[in-house]
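Here's the letter readout for the chains.
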Amino acid sequence: MGKIISVTNQKGGVGKTTSCVNLASYVAASGKRVLMIDIDPQGNACSSLGVEPKKHDSTVYEVLLGEANITDAIYKSVVKNLDVVPSTVDLAGAEVDLVYVDNRETVLKEALKDIKNNYDFIFIDCPPSLGLLTVNALTASDTILIPIQCEYLAMVGLGQLMNTVRLVKKHLNPDIEIEGVLLTMKATRSTLVQQVADDIRKHFGSKVYDTYIPRNIRLAESPSHNMPIMMYDGKSKGALAYKALCDEFLKNNR
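Given the structure is predicted, the values throughout are model-derived calculations rather than measurements.

Criteria and thresholds
- Residues numbered from 1 in each chain as written.
- Predicted model: local features only at pLDDT ≥ 70, side-chain atom pairs only at ≥ 80, totals over all residues.
- Heavy atoms only, no water.
- Phe/Tyr/Trp six-rings, centres within 6.5 Å; stacked < 30°, edge-to-face > 60°.
- Helix = DSSP H or I, 4+ residues; strand = E, 2+ residues; numbered from the N terminus.
- Buried < 20%, exposed > 50% of the residue type's maximum accessible area, 1.4 Å probe, protein only.
- Expected span 1.5 Å × (residues − 1).
- Arc of directions from axis to C-beta.

1. Observations regarding the packing of aromatic side chains
- Throughout the structure, instances matching the rule amount to 3 aromatic pairs.
- For the pair F123 and F249, a centre-to-centre distance of 5.7 Å together with 45° between the ring planes defines the contact as tilted. With F123 in strand β5 (residues 121-125) and F249 in helix α11 (residues 237-252), the pair connects residues that are 126 residues apart, well separated along the chain.
- A connected cluster of aromatic rings, assembled from ring pairs, spans F121, F123 and F249.

Structure (structure tokens):
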């Protein structure tokens, strides 16, 4: 049975989508069967893997509203073994559309039941908010992966995220756990950055990955070419970091 992992942080600009796309790509390249679900209305995750939702009739929006089966919304990405359920800007209205739906927090979980066994890992790229879309993802997930930027303000709001996780665990998904905490955009020579990293490690302990993601211009460029970093520049510092993260992730999931 596949493991479902939400990649989430309600603070924008922390490398959430970049981490979801590139970790999923390397895990797929290792030979695992991987599905990535984009439930961020911005749709950056699916476009970063060469899947343009405008060209397809069914997306995660139609799945959440019950207008399409999730199998109709799965498409091949540019990476072998990696499938994608894309998002569109229409998803921004989904939280309003779902208000009157029974059991609205479990819609995604129900949709995934039929396909969970088809994959080794299912990654969900969450929106930078703690609304109904993120709650759906957390309710459907086995674990959450939290990217945190190595800056002081990155810690602001983290308590709100953890409180949301506690509420989901109490009322909707008692089995959800933290997969890991990933330090992103780390400048190695900054004293403040190191202090923030130390504080995060004190709070989350062994859940913090040994691998960290450095600031890297090639990582920022690759989405505009509709491909993950492993295909855009596999020798860059960013690519090597996500490859190391993949190795650590798979070691933890033996």
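Additional details are given in the paragraphs that follow.
2. Some thoughts on helix α6 (residues 132-140)
- Across the 9 residues of α6, 9 count as buried, placing the element largely inside the fold.
- L132, L133, T134, V135, N136, A137, L138, T139 and A140 are the residues of α6 that are buried.

3. Details of unusual backbone geometry
- Residues other than glycine seldom take positive phi values, yet N81 does so here, at roughly 75°.
- With respect to the helices and strands, N81 occurs in the loop between β3 (75-76) and β4 (82-85).
- Judged by its relative accessible area of 33%, N81 falls in the partly exposed class.

4. Topic: helix α7 (residues 158-171)
- Between the first and last C-alpha of α7 there are 20 Å, a value that for 14 residues agrees with the 20 Å anticipated at 1.5 Å per step.
- Those residues of α7 not exposed but buried are L158, L161, M162, T164, V165 and V168. Along the long axis of α7, the arc covered by the buried residues comes to 155°, so they all point the same way. The exposed residues of α7 that point more than 90 degrees off its buried face are Q160, K170 and H171.

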